[in-house]
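Reading the structure
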Amino acid sequence: MKKKILFILSLGVLLSIGSVTSCSSDMPNDENNNKEPSGGDEKPNPTPDPEPEPDPEPEPDPTPDLEPDPEPDPEPETPLSVLEKALKKDYSNLTANVYMQYENGEMSESFQEYYFDNYVFTYSSDIAESYGYENAFLEYYVEKENDIFESYLYFEKEAGNPNSKGGWLQEGYHNADLSIWNAYLYLPFLLNGFNADTLSYSEGLYYINDSKVVETLNRTAFGFAWYNEVIDVSFLINEAGYINKIIALCDENFEDPKNYIIIDLYNFNETAAPTGISKHDAPNETNKIRYYEYKGYEKDYEKAYYKSIDLKITENQEYEKDAASNPVINLDDRIELELVLDPTEFKEYQIVDEKNRQVTWHYDETMIELEAAYTSGHKIVHAMKSGETEIYATVEGENGTLESSHIKIIINEKSQIDSTGALYDLQIINIDSENHTARALNKTEESLDDYSISVGSGAKLVNGKYSDIFTESRNYLTIDPAASDVINSNYKPGIKFNFSEHEVNSLEFEYGLFYENHFGNLSNISSFTIIARNSKTKGEEIIDITDKVKNSLSKDFSKIMKVEFPSADEIEFKISATTIGKSIQITLDRFVFKK
């Protein structure tokens, strides 16, 4: 407790703690401390003087005068008596400053409240700064009837809205509760939780000793402090007998807490409306309004529902169709779907429950992925597995679930290289990086003929087990045009085949992105070309496949590309990048050449 008191006193320097009533002893904990002084109201009887020896003819002594009863000493003030008087004080007219810290002291908020005649004016500098006006006061009115508090917030007519009406509101947009205690402190809720039976005292500080009471206040009186979880509540009483400071700690560490709420109370019985602010007439039958009246809507809020739902393929897309006009797409292809809901928009006064707005999609997640089309708001179907599948959507209507039409999608098997009639079907199996040469297996003859193959910088063989696409347990040729050893090399990234026996006219090859995390670097590919040369005719054909490669490289699948060109006996791949260091490891595999 002493650590907490030290913290409270240190806060006093920073947050203007007022004077503290000091009492001579701790709050009484036994019956003896509550007993009245001995003797009660009975008056003491003085003892008379002894009678003298009688004379022969004694004369009776006169009756002595009795001294007046002494005035009883006033009862000394105790913490309990100070507390009981403070709890009976009138707190209906005062000013309150509220300051709170949260997020381990990194964030803070403050606001001021003026209580008088059932009105509460609140001011927040944060609101003033956010909305750009000085008199950022909210005017509340709270009345109590049959032990139930009713809270109202005053709204002036909405600027620029000729249909708007000003008045007192209890509910706002979509029936949101506008009660003061949802956003700010309502002091009676807090003071009602202070009960002498659940309070203790130590060195000028009163504190709640019942954790259940603190838990209740945390859900009620401190409900405005959304980011704080109160675990301890204390308060001080000033020399005038008022509770004038309330401290709510939100950390177990009382010695140096970072999260807390401090409430200062002052101007008791002297508080009025803030300077320059006029209060409105108290809520009555003519000035109590509903939110739709404030907004000028034609009618009050009503529940609304979707009436229908439909699903269709977005127009102006190119795709194949089967005999029944179902879309036929390839693995890794995408097709855009448009969801049509009726109505497309609701009136301002129509409320659609969140669950009734929720569209549920039904599809086989192993076959397709559903992506967002951000520009159009539609959905994109991404083909992930070959076969037939379907997709549809549902939403809740007034009388049950509404279901869209079903769209059937046929996904082709992964395309394969056609090696029929191939002169060469080559797979790179060895790279001599020092001499920039490579050897290949010719699958048409299952031989290792010595073809003249040269490779540039950034080329190497990597085991497919390290890739998300190439999963076979063998090595794949990868070329990285952004490799660090490329910049100072005379051998630019690429690969060149030189055939002496045959001329070729077409090429098919498999390609892909070896590592998924290189996907974000694709934009750095500046050029990707295939050059077909003929040593006899000196002819040269340059085929630019840059855009096709960049647009088709995928994190999920490898692709097949076929190119045709005039007869050639030398075929060269050339790749370049704009940035060195941001790797783009592209796999090239199985080069099939035909005549």
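Observations concerning the overall build of the chain
Along the backbone of the chain there are 8 helices and 35 strands. The proportion of buried residues among the 595 residues of the chain is 44%. Considering only residue pairs separated by 6 or more positions, the chain has 66% of its internal contacts joining residues 24 or more positions apart. Counting only carbon and sulfur atoms, one obtains 44% of the accessible surface of the chain, whose full area is about 34300 Å².

Focus on unusual backbone geometry
Backbone geometry follows two general trends: most residues other than glycine have a negative phi, and most peptide bonds adopt the trans configuration. The amide bond that connects D342 to the next residue, P343, takes the cis arrangement and shows omega of 0°. Looking at the element boundaries, P343 is found in the loop between strand 16 (334-342) and strand 17 (350-351). A positive phi is found at N104, a non-glycine position, where the angle reads about 55°. Considering the arrangement of structural elements, one finds N104 in the loop between strand 1 (94-102) and strand 2 (107-116). A positive phi angle is found at D147, which is not glycine, with a value near 65°. Tracing the sequence through the fold places D147 in the loop between strand 4 (137-145) and strand 5 (148-155).

A short note on the environment of I586
As for its position among the elements, I586 is in strand 35 (residues 586-594). On the basis of relative accessible area, I586 is assigned to the buried category, the value being 0%. The sequence separation of I586 and A459 amounts to 127 residues, and the corresponding C-alpha distance is 9.5 Å.

Describing the pattern of salt bridges
Under the definition given, this model contains 21 salt bridges. Across the salt bridge formed by D117 and K279, the nearest N and O atoms sit 3.6 Å from each other. Placement of D117 in the loop between strand 2 and strand 3 (119-123) and of K279 in the loop between strand 11 (260-266) and helix 6 (291-295) is noted, with a sequence separation of 162 residues between them. For D117, a relative accessible area of 52% puts it in the exposed group.

Examining the sheet that holds strand 8 (residues 205-208)
Judged by pairing direction, the sheet is antiparallel, and its 11 strands sit side by side in the order 6-5-4-3-2-1-11-10-9-8-7 without closing on themselves. The outermost strands of the open sheet, each flanked by one partner alone, are strand 6 (167-169) and strand 7 (199-202). Strand after strand, the sheet turns through a mean of 25° between neighbouring axes, direction not considered.

Observations concerning the packing of aromatic side chains
Applying the stated criterion across every chain yields a total of 45 aromatic pairs. Between the aromatic rings of Y119 and Y141, the centroid separation amounts to 4.9 Å while the plane-to-plane angle is 85°, which identifies the pairing as edge-to-face. Taken together, the positions of Y119 in strand 3 and Y141 in strand 4 put the pair 22 residues apart, joining distant regions of the chain. Take Y119 and Y141: they sit in the same class, and that class is buried.

Observations regarding helix 5 (residues 211-219)
Every buried residue belonging to helix 5 is among V213, V214, L217 and N218, and all of these are buried. Down the axis of helix 5, the smallest arc covering the buried residues is 140°, so these residues share one side. Seen from the buried face of helix 5, the exposed residues on the opposite side, beyond 90 degrees, are K212 and R219. Buried positions along helix 5 lie against helix 4 (187-191), strand 8 and strand 9 (232-237).

A look at a negative patch on the surface
Together, E369, D468, E516 and D556 make up a region of like negative charge exposed at the surface. Counting through the fold element by element, D556 comes out in the loop between helix 8 (546-552) and strand 33 (559-568). Taking the relative accessible area as the measure of exposure, D556 reaches 31% and is therefore partly exposed.

Some remarks on the sheet that holds strand 19 (residues 368-373)
Pairing is antiparallel in the open sheet, where 4 strands are placed in the order 13-16-20-19. Strand pairing shows two members of the sheet lacking a second neighbour, strand 13 (308-313) and strand 19, which therefore form its edges. Pairwise comparison of adjacent strand axes, ignoring direction, gives a mean angle of 30° for this sheet. By the bridge criterion, 4 bridges tie strand 16 to strand 20 (residues 378-383) in an arrangement that is antiparallel. If you follow R334 over to strand 20, its bridge partner there is H382.

Criteria and cut-off values
- Residues numbered from 1 in each chain as written.
- Predicted model: local features only at pLDDT ≥ 70, side-chain atom pairs only at ≥ 80, totals over all residues.
- Heavy atoms only, no water.
- Helix = DSSP H or I, 4+ residues; strand = E, 2+ residues; numbered from the N terminus.
- Buried < 20%, exposed > 50% of the residue type's maximum accessible area, 1.4 Å probe, protein only.
- Contact = heavy atoms within 4.5 Å.
- Areas by Shrake-Rupley, 256 points an atom, 1.4 Å probe, with all protein chains shown as cover.
- Salt bridge = Lys/Arg side-chain N within 4 Å of Asp/Glu carboxyl O.
- Pairing = 2+ DSSP bridges.
- Axes fitted to C-alpha atoms, helices over the stretch in contact; angles between N-to-C directions.
- Phe/Tyr/Trp six-rings, centres within 6.5 Å; stacked < 30°, edge-to-face > 60°.
- Arc of directions from axis to C-beta.
- Patch = residues over 30% accessible without salt bridge, like charges linked within 9 Å, V, L, I, M, F, W, Y side chains within 5 Å.
- Lys, Arg positive; Asp, Glu negative; His and termini not counted.
- Charge placed at Lys NZ, Arg CZ, Asp CG, Glu CD.

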